[in-house]
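Now for the letters of each chain:
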Amino acid sequence: MEMKRLGSTDAIVPEIGLGTWRYSGGVEPLRRGIELGAFLIDTAEGYNTEDIVGEAISGIPDRAFIATKVSGRHLSYDAVLRAAEDSLLRLGVDCIDLYQVHWPNPVYPISETMHAMEELADRGLVKFIGVSNFSIAELQEALALMRHHPIVSNQMLYNLKRREIEIELLPYCEEHGITVMAYTPLDDGSLAAGSRFLKGRGMKALERIASETGKTPAQVALNWCTASPNVIVIPKSNSTERTEENCEASGWRLSDAQIKILNDAFPL
Ligand SMILES: NC(=O)c1ccc[n+]([C@@H]2O[C@H](COP(=O)([O-])OP(=O)(O)OC[C@H]3O[C@@H](n4cnc5c(N)ncnc54)[C@H](OP(=O)(O)O)[C@@H]3O)[C@@H](O)[C@H]2O)c1
């Protein structure tokens, strides 16, 4: 499993983590993923999966890197602190490795939210602070408010079919030492083998590169995302077998020519 630096920190995270939105696979796929090096597990207070993540890492909390999120509905100062305490209890850990603002919400002053995030870090309840679904303008505003903790990551929609962040956000994050955590990297499974949605030019290119590399379409789709040095991915799977398949999307690289073929077949 290839590792990447988290933002501009000294922390190292795997380029493939485990998503848990609509996850119902029990502890096995998560434990197998951790065993294979995909030790970053992404959850959120809104997913109803913090309990199962906690169960999966019980006894091995130090071997996992837990990323959870405060809902965009809980962004007042007090609500952020309360949400974090509830997440810590559900996860059964003393500290959240990465605490992310799930989405920006103009109803709450962002200064309150970010100061609460820093307070959690000051109290040792949160190791790193991240955001999700933040535009450049929202990131700039949040960054300017940080007193002594950096924003290390921005979790964003990114896959072969949804390349919009390449235009501005991805370069901005790279320039500012912010890791992009790509969510829905398999386009909800439509970029995997057997998908009835994967048709036409994109499908042909993905299958061609998969057969050239001896990998599966899902592995090629994930490897395409992580080809950007600043991007890590968090595919979700309920199955141990597909989790293993997704973990094997790391440890090798598509060639520049293969990336170009995919870019042409899935234009921006
Ligand atoms: N921050 C946000 O706003 C936000 C939004 C959406 C998602 N997320 C995070 O990102 C994670 C991933 O995104 P996602 O769950 O939306 O979509 P995804 O990971 O792109 O796709 C998940 C779907 O693909 C299937 N799948 C996974 N691996 C496969 C494989 N190797 N072959 C065939 N099918 C495969 C899964 O089915 P099986 O489970 O049956 O394998 C599931 O139906 C989420 O779980 C969540 O942690 C964050």
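See the structure above.
Please read all numbers here as calculations on a predicted model, not as lab measurements.

Here is what the cut-offs are and how they apply
- Residues numbered from 1 in each chain as written.
- Predicted model: local features only at pLDDT ≥ 70, side-chain atom pairs only at ≥ 80, totals over all residues.
- Buried ≥ 20, exposed ≤ 12 C-beta atoms within 10 Å, placed from the backbone.
- Helix = DSSP H or I, 4+ residues; strand = E, 2+ residues; numbered from the N terminus.
- Pairing = 2+ DSSP bridges.
- Right-handed = clockwise from strand over helix to strand, strands pointing away.
- Arc of directions from axis to C-beta.
- Contact = placed C-beta atoms within 7 Å.
- Near = placed C-beta within 6 Å.
- Axes fitted to C-alpha atoms, helices over the stretch in contact; angles between N-to-C directions.
- Core = buried A, V, L, I, M, F, W, Y, C linked by C-beta atoms within 7 Å.
- Parallel < 35°, antiparallel > 145°, perpendicular 65-115°, else oblique.
- Left-handed = near helix turned anticlockwise from the far one by under 90°.
- Nonpolar A, V, L, I, M, F, W, Y, C, P; charged D, E, K, R; others polar.

K.L.:
Account for the pairing of strand β5 (residues 65–70), naming residues and giving values.
P.N.:
Along any regular strand the residues' side chains alternate between the sheet's two faces. β5 sits mainly inside the fold: six of its six residues count as buried. Residues Phe65, Ala67 and Lys69 line one face of β5 and the alternating positions Ile66, Thr68 and Val70 line the opposite face, and both faces are buried. Sheet topology note: the strand β4 (residues 40–42)/β5 ladder contains three bridges and is parallel. Residue Leu40 lies in a different strand from β5, and its bridge partner there is Phe65. For β5 and strand β6 (residues 96–101), the ladder comprises four bridges, and the chain directions are parallel. Along β6, the bridge assignment pairs Ala67 with Leu98. You can see the chain leave β5, run along helix α3 (residues 77–91) and come back into β6, and the turn it takes is right-handed.

K.L.:
I'd love a proper account of helix α9 (residues 240–247), names of residues and values included.
P.N.:
Within α9, the full set of buried residues consists of Thr243, Asn246 and Cys247. On an axial view of α9, the arc spanned by its buried residues comes to 100 degrees, and they lie on one face. Against the buried residues of α9 lie β3 (18–19), α1 (27–35) and α8 (217–226).

K.L.:
I'd like a description of the site of the ligand, backed by residues and values.
P.N.:
In the neighbourhood of the ligand, 26 residues make up the surrounding shell, with Gly19, Tyr183, Gly189, Ala192 and Lys236 lying closest. Per-element tally for the shell around the ligand: the top contributor is α9, with three residues.

K.L.:
Account for the sheet that holds strand β10 (residues 231–233), naming residues and giving values.
P.N.:
Spatially, β3-β4-β5-β6-β7-β8-β9-β10 is the arrangement adopted by the eight strands of the open sheet, whose pairing is parallel. Only two strands of the sheet have a single partner each, and these edge strands are β3 and β10. Summarising the sheet, β3 and β4 pair through two bridges and their orientation is parallel. Its bridge partner being in β4, Gly19 is matched across the sheet by Asp42. Running over the sheet, α8 touches β9 (179–183) and β10 and is turned about 150 degrees from β10.

K.L.:
Tell me what's going on with α8, and back it up with residues and numbers.
P.N.:
Of all the ten residues making up α8, ten are buried; the element is thus mostly covered by neighbouring parts of the structure. When we look at burial in α8, the residues that qualify are Pro217, Ala218, Gln219, Val220, Ala221, Leu222, Asn223, Trp224, Cys225 and Thr226. Buried residues along α8 sit against β9, α7 (200–213), β10, α9 and α10 (256–265).

K.L.:
Tell me about the nonpolar core, and please be specific about residues and values.
P.N.:
Across soluble globular proteins, nonpolar side chains show a tendency to be buried alongside one another. Ile66, Ala84, Tyr99, Val180, Ala182 and Ala221 are the most contacted members of the largest nonpolar core, which has 75 residues in total. Counting residues per element, this core draws most heavily on α8, at six residues.

K.L.:
Tell me about unusual backbone geometry, and please be specific about residues and values.
P.N.:
Positive phi, close to 50 degrees, is recorded for Thr184, a residue that is not glycine. One non-glycine residue, Asp188, lies in positive phi territory at about 60 degrees. Mapped onto the secondary structure, Asp188 falls in the loop between β9 and α7.

K.L.:
Explain the packing of α1 against helix α2 (residues 50–57) to me, and be specific about the residues and the numbers.
P.N.:
One can describe the packing of α1 onto α2 by two numbers: an axis separation of 9 Å at closest approach and a directional angle of 55 degrees. Comparing their axes, α2 and α1 come out oblique. Between α1 and α2 lies a crossing whose hand is right-handed. Every residue of α2 that contacts α1 at Val27, Leu30 and Arg31 is listed here: Ile52, Val53, Glu55 and Ala56. Class assignment for the residues of the contact of α1 with α2 results in five nonpolar, no polar and two charged.

K.L.:
Provide a residue-level description of the packing of α1 against α9, including the pertinent values.
P.N.:
Contact pair α1 / α9: the axes reach a minimum separation of 9 Å and the direction vectors enclose 25 degrees. Considered as vectors, α1 and α9 are oriented roughly parallel to each other. Crossing geometry of α1 relative to α9 is assigned as right-handed. Along the contact surface, α1 presents Glu28, Pro29, Arg32 and Gly33, while α9 presents Thr240, Thr243, Glu244 and Cys247. Class assignment for the residues of the contact of α1 with α9 results in two nonpolar, three polar and three charged.

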